[in-house]
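The primary structure of each chain is shown beneath.
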Amino acid sequence: MDGRDDRDARDDSGDDSASGAGKVELRQLRCLVAIVDEGTFTDAAIALDVSQAAVSRTLASLERALGVRLLRRTSREVTPTPTGLRVVAHARRVLGEVDDLVREATSGQVRLRVGYAWSALGRHTLTFQRRWRAAHPETDLQFVRANSPTAGLAEGSCDLAVVRRAVDDRRFDSAIVGLERRLCAMASDDPLARRRSVRLADLSGYTLLVDRRTGTTTTDLWPPGSRPATERTHDVDEWLTTIATGRAVGVTAESTANQYRRPGVVYRPVRDAEPIAVRLAWWRDDPHPATPAAIELLTALYRTG
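This write-up is about the structure you can find in this document. It should be emphasised that the depicted structure is a prediction, and the values quoted were computed from it without experimental measurement. Numbering of residues starts from 1 in each chain and follows the order in which that chain's sequence is written. Totals for whole chains, interfaces and linings use all residues, but because this is a predicted model, local features are given only for residues with pLDDT of at least 70 and pairs of side-chain atoms are given and counted only at 80 or more. As a rule here, side-chain values cover all heavy atoms of the structure and leave hydrogens and water aside.

### Some details on the nonpolar core
- Nine residue types can take part in a nonpolar core, namely buried Ala, Val, Leu, Ile, Met, Phe, Trp, Tyr and Cys, and a core is a set of them joined through side-chain atoms within 4.5 Å. Working definition: with a 1.4 Å probe on protein chains only, accessible area under 20% of the residue-type maximum means buried, over 50% means exposed, and in between means partly exposed. Counting residues in each nonpolar core, the largest one holds 36 residues, and the members touching the most others are Phe128, Trp132, Trp239, Tyr267 and Leu280.
- If one sorts the elements of this core by residue count, helix H9 (residues 291-304) sits on top with six residues.
- Here, residues are in contact when the closest pair of their heavy atoms is within 4.5 Å. With residues up to four places along the chain from it excluded, the contact list for Tyr267 reads Leu183, Cys184, Ala185, Trp239, Leu240, Thr252, Thr256, Ala257 and Tyr260.
- Of all hydrophobic cores here, the second largest spans 21 residues; its members include Ala45, Val50, Ala54 and Val88. Counting from the N terminus, the helices are the DSSP runs of H or I reaching at least four residues and the strands are the DSSP runs of E reaching at least two.

Next up, the structure:
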């Protein structure tokens, strides 16, 4: 029997103990997250270094423990059920907390993970990192990019999230730490690129790229009757690549221009658009101990900047 068979045998031995209602084990949560992240049972088995049969049994034991169906399987894909999506989000959070526990117990150092979707803190990012390291050497600061509406907070991949639109979810609290100008991103050979700034009306005849999940721009910025056509985008790299071709323009926070400079793309201020509020968001029932210090430092940086 090889090493994988040994692990499979141990997985089998745990199935009965996990089948009782409400009894959930970390290995079951890791298995569920691996299936969702990898997309198939086969790839999850490779990632976990067990057999595909062991992955199937572990998932089945978790579903029995919870009394719900978590995944839908077809010949082409595996997708979470609505309940499965909620369980996966909680599983990520639990596994992240366990990893933090092990890290803190073995190193004595606390970690603060700050999530962001497109751009972190723009020109304040490096200053924040340096000042944080000097003032809080006991807390390791890490930035995590997650292109979700909560910048990874709901998914459990961060402790604080930088968001640029209000978080409409009672599970989270947030605080505004600063304001950023709106800029228009356009191809460098666009006629508007010769101007120092633009107005919203100048963009009415263009196609506007929008990210409906995490973006800060909607056609509501324009009055009815003069709103631009829109095209969806899903990632900042795709957004920049499309804009560089001249096929569309984008309106974004000033931080994007600081973090993403791309040949063929220029940014110009939109002088008649309202600024964008930059918020820090956190779990209402479980705020990270360093949250007040992060809010204080960032508010000071935006105020003096």
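Let's pick the thread back up.
### Digging into the sheet that holds strand S7 (residues 182-187)
- Spatially, S10-S7-S11 is the arrangement adopted by the three strands of the open sheet, whose pairing is antiparallel. In this open sheet, the two strands that pair with only one neighbour each are strand S10 (250-253) and strand S11 (265-269). Ignoring which end each strand starts from, the neighbouring axes of this sheet average 35 degrees apart.
- By the bridge criterion, four bridges tie S7 to S10 in an arrangement that is antiparallel. Across the sheet, residue Arg182 finds its bridge partner in S10, namely Ala253. DSSP bridges decide pairing: two strands pair if at least two such bridges lie between them. Here the axes come from fitting lines to C-alpha atoms, over the contacting stretch only for helices, and the angles between their N-to-C directions go from 0 to 180 degrees.

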